[in-house]
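# Coordinate analysis (summary)
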Amino acid sequence: MGGRVEGKVAFITGAARGQGRSHAVRLAEEGADIIAIDVCGPISSNPQIPPATPDDLAETIDLVKGTGRRIVAAEVDVRDYAAVEETVNSGVEQLGRLDIVVANAGIGNGGQTLDHTSEADWDDMIAVNLSGVWKSVKAAVPHLISGGRGGSIILTSSVGGLKAYPHTGHYIAAKHGVVGLMRTFAVELGQHSIRVNSVHPTNVNTPLFMNEGTMKLFRPDLENPGPEDMKVVAQMMHVLPVGWVEPRDISNAVLFLASDEARYVTGLPMTVDAGSMLK
């Protein structure tokens, strides 16, 4: 089966690498043209997670073009509403329409308990992982409504948007907030046949998870833990015998929610979590 989003246009944030790149390529494989943005630079003060780069975004562009689809891409910070809006408007002008929004951009920082989380880490986290989601959808909604064809909005949350973990309280708060955005947008936009859902991944094999800071958080007992050391603990989070999933696993869920196969699915927090929510 192919062409599940044939002829549609998808706006994807955080598209330079990781899940965002995977979503862009997967939707392009199934026939969508892409509007892609990424900040391509540092946001948080966390030195253990190297930021995406312009070269990363260029690679996403090449991968999408390799599927035969069109892509409009720009280096944009989701905290900057004016820049997001300008890019969406330009993308729609060039590609002719908008049907799908994947508000995926997110960061990780900190690693302290909430009472020791710095104000800077808190502010960065909420600004990107919550406010940035709202701004991205806000910029896109006028095009979905004016198109008169309905649409699908998918917000990237986390299993941390459905339950708590220690040492990531500001992330947990932001991702819980994304669920509130999803449900409210679903209620408000349903009259326009616009569906709004969220995806809730467990650990994903991307730079946001596969980094020195996360490995030390999982294995504080080791001086220099690696992926295999982390896997021993990470696997305990799941029912299925894996420590993490791959970006394409999340992209397949995004594709389903974006496609007409999910035409009556709205307000759904969809987990892709190897059974983490059963723990």
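These numbers were taken from a predicted model, which means no experiment stands behind them. (Residues numbered from 1 in each chain as written. Predicted model: local features only at pLDDT ≥ 70, side-chain atom pairs only at ≥ 80, totals over all residues. Heavy atoms only, no water.)

Let us look at empty space enclosed by the protein. All chains considered together, the criterion is met by one cavity of 30 Å³ or more. Forming the walls of the largest cavity are T13, V78, A103, N104, A105, V128, G132, V133 and S136. (1 Å grid on protein atoms, 1.4 Å probe; cavity = no way out; pocket = protein on both sides within 12 Å on 5 of 7 lines; lining within 4 Å. Points joined across faces, edges and corners; volume = space filled by probe spheres on them.)

With that out of the way, let us pick up the sheet that holds strand β7 (residues 269–272). Taken in spatial order, the seven strands make up an open sheet running β3-β2-β1-β4-β5-β6-β7, and their pairing is parallel. The outermost strands of the open sheet, each flanked by one partner alone, are β3 (71–75) and β7. For this sheet the average axis-to-axis angle between neighbouring strands, irrespective of direction, equals 15°. Here strand β1 (residues 9–13) runs beside strand β4 (residues 100–103); their pairing, made up of three bridges, is parallel. Bridge pairing in β4 places I12 opposite V102. Here helix α4 (residues 119–147) sits on the sheet and contacts β1, β4, β5 (151–156) and β6 (194–201); the angle it forms with β4, its principal contact strand, is near 180°. Each of β5, β6 and β7 touches helix α5 (residues 169–189); the most contacted strand, β6, lies at about 160° to it. (Pairing = 2+ DSSP bridges. Helix = DSSP H or I, 4+ residues; strand = E, 2+ residues; numbered from the N terminus. Axes fitted to C-alpha atoms, helices over the stretch in contact; angles between N-to-C directions. Contact = heavy atoms within 4.5 Å.)

Glancing now at the layout of surface pockets. Space inside the second largest pocket adds up to approximately 180 Å³. What lines the second largest pocket is a set of 14 residues, among which K8, R149, G150, G151 and D260 lie closest to the centre. When grouped by side-chain class, the residues that make up the lining of the second largest pocket number two nonpolar, five polar and seven charged. (Nonpolar A, V, L, I, M, F, W, Y, C, P; charged D, E, K, R; others polar.)

The next thing to look at is the pattern of salt bridges. For the structure on display, the rule yields 15 salt bridges. R21 is the partner of E59 in a salt bridge, and the nearest nitrogen-oxygen pair spans 3.5 Å. Taken together, the residues span a long stretch of sequence, with E59 in helix α2 (residues 54–66) and R21 in helix α1 (residues 18–29) at a distance of 38 residues. A relative accessible area of 39% means that E59 is categorised as partly exposed. Taking the shortest distance from any N to any O, the salt bridge between D99 and R149 comes out at 3.5 Å. In this pair, D99 sits in the loop between α3 (81–95) and β4 while R149 sits in the loop between α4 and β5, placing the two residues 50 residues apart along the sequence. Look at D99 and you get buried, because its relative accessible area is 5%. Salt bridges linked by common partners bring E6, D33, R69 and R70 together as one network. (Salt bridge = Lys/Arg side-chain N within 4 Å of Asp/Glu carboxyl O. Buried < 20%, exposed > 50% of the residue type's maximum accessible area, 1.4 Å probe, protein only.)

Let us look at unusual backbone geometry. Trans peptide bonds make up the majority, and among non-glycine residues the majority have a negative phi. For S193, which is not a glycine, the phi torsion comes out positive at approximately 60°. Its place among the elements puts S193 in the loop between α5 and β6. When its relative accessible area of 53% is taken as the criterion, S193 is described as exposed. A positive phi angle, near 55°, is found at A274, a position not held by glycine. By the secondary structure assignment, A274 is in the segment after β7. Using a relative accessible area of 11% as the deciding quantity, one classes A274 as buried.

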